[in-house]
Amino acid sequence: MKTDKVKTDERFNSLYTEFYSAVYKYCLARLKCNKDYTDDCVQDTFLVLYNKLLNGEHIENPRAFLYTVATNYIKKCHNQIKNNYENLTDFELAERMLFSDDEIINKINFEEFERELISLLNKEETELYKLRFIEERRVKDIALMLGISERYCSMKITRLRRKIISSLKEYY
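Now for a quick tour of the structure. The model shown is predicted, which means the values in this text are computed figures rather than measured ones. (Residues numbered from 1 in each chain as written. Predicted model: local features only at pLDDT ≥ 70, side-chain atom pairs only at ≥ 80, totals over all residues. Heavy atoms only, no water.)

1. Considerations on the nonpolar core
Put simply, the test is: Residue types Ala, Val, Leu, Ile, Met, Phe, Trp, Tyr and Cys, when buried and joined through side-chain atoms within 4.5 Å, form a set referred to as a nonpolar core. Throughout, exposure labels follow a simple rule: accessible area from a 1.4 Å probe, protein chains only, divided by the maximum for the residue type, with under 20% read as buried, over 50% as exposed, and the rest as partly exposed. A run of H or I in DSSP becomes a helix once it reaches four residues, and a run of E becomes a strand once it reaches two; helices and strands are each numbered from the N terminus. Contact between two residues is taken to exist if any of their heavy atoms lie within 4.5 Å; hydrogens are not considered.
Core analysis: the largest hydrophobic core is formed by 22 residues, its most contacted members being V23, C27, F46 and L49. Among the secondary structure elements, those contributing two or more residues to this core are α1 (4-30), α2 (35-54) and α3 (62-86). Those residues in contact with L49, other than ones at most four positions away along the chain, are F12, L15, I59, F65 and L66. In this structure, L117, L121, L128 and F133 belong to the second largest nonpolar core, which totals 14 residues.

2. Notes on the side chain of T45
Of note, T45 is situated in helix α2. When neighbours within four sequence positions are excluded, T45 is seen to be in contact with V23, L66, V69, A70 and Y73.

3. Quick look at the packing of α1 against α2
Let me state the cut-off plainly: Angular values range over 0 to 180 degrees, each being the angle between N-to-C directions of two axes fitted as lines to C-alpha atoms, with helices fitted over their stretch in contact. In these notes the angle categories are as follows: under 35 degrees is roughly parallel, over 145 is roughly antiparallel, 65 to 115 is roughly perpendicular, and the rest is oblique. We call a crossing left-handed when the near helix sits turned anticlockwise from the far one by less than a right angle, and right-handed when that turn is clockwise. Three residue categories are used. Nonpolar comprises Ala, Val, Leu, Ile, Met, Phe, Trp, Tyr, Cys and Pro, charged comprises Asp, Glu, Lys and Arg, and polar comprises the others, including Gly.
In contact at an axis separation of 9 Å, α1 and α2 are set at 150° when each is read in the N-to-C sense. Relative to α2, the element α1 lies roughly antiparallel. Judged by the twist between their axes, the crossing of α1 over α2 is right-handed. A class-by-class count of the residues in the contact of α1 with α2 yields 16 nonpolar, three polar and five charged.

All quantities given are derived from atomic positions and should not be read as evidence of function.
Set out below in structure tokens:
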């Protein structure tokens, strides 16, 4: 006769094999393809399952249970990400908003970023950059301040963002 631990391990391995891929994809999609947070979320989700099984609890619908636990960990991860962003300076936040490529972020420090940005932009673009990315004003408000339509303002911001990204990629 098998021991309870062996039965628990077999049950867990069976559920892990059956649901790992689906839970991983679910977490990856909800965490915007952030692999580190996804790995942590999936690991913690299955750890909760294992501990419940080890304590002798019967889980009637393991799929629903796993998705519920994963959703709770996803919310926790979102809060961690939010807290991380709240602690950033304006320029660090601007860098992250502008550059999704981690290699560029790691290569640019504040002084280099500021120097390159100032040499890259004209006076109008610098003002638009500060209003949108530093002060985080809405497009509607910026358009009113500049006396242009929202659509034109949005187009200028998009072009500015592309200009900054393409120009800084040449340097880094």
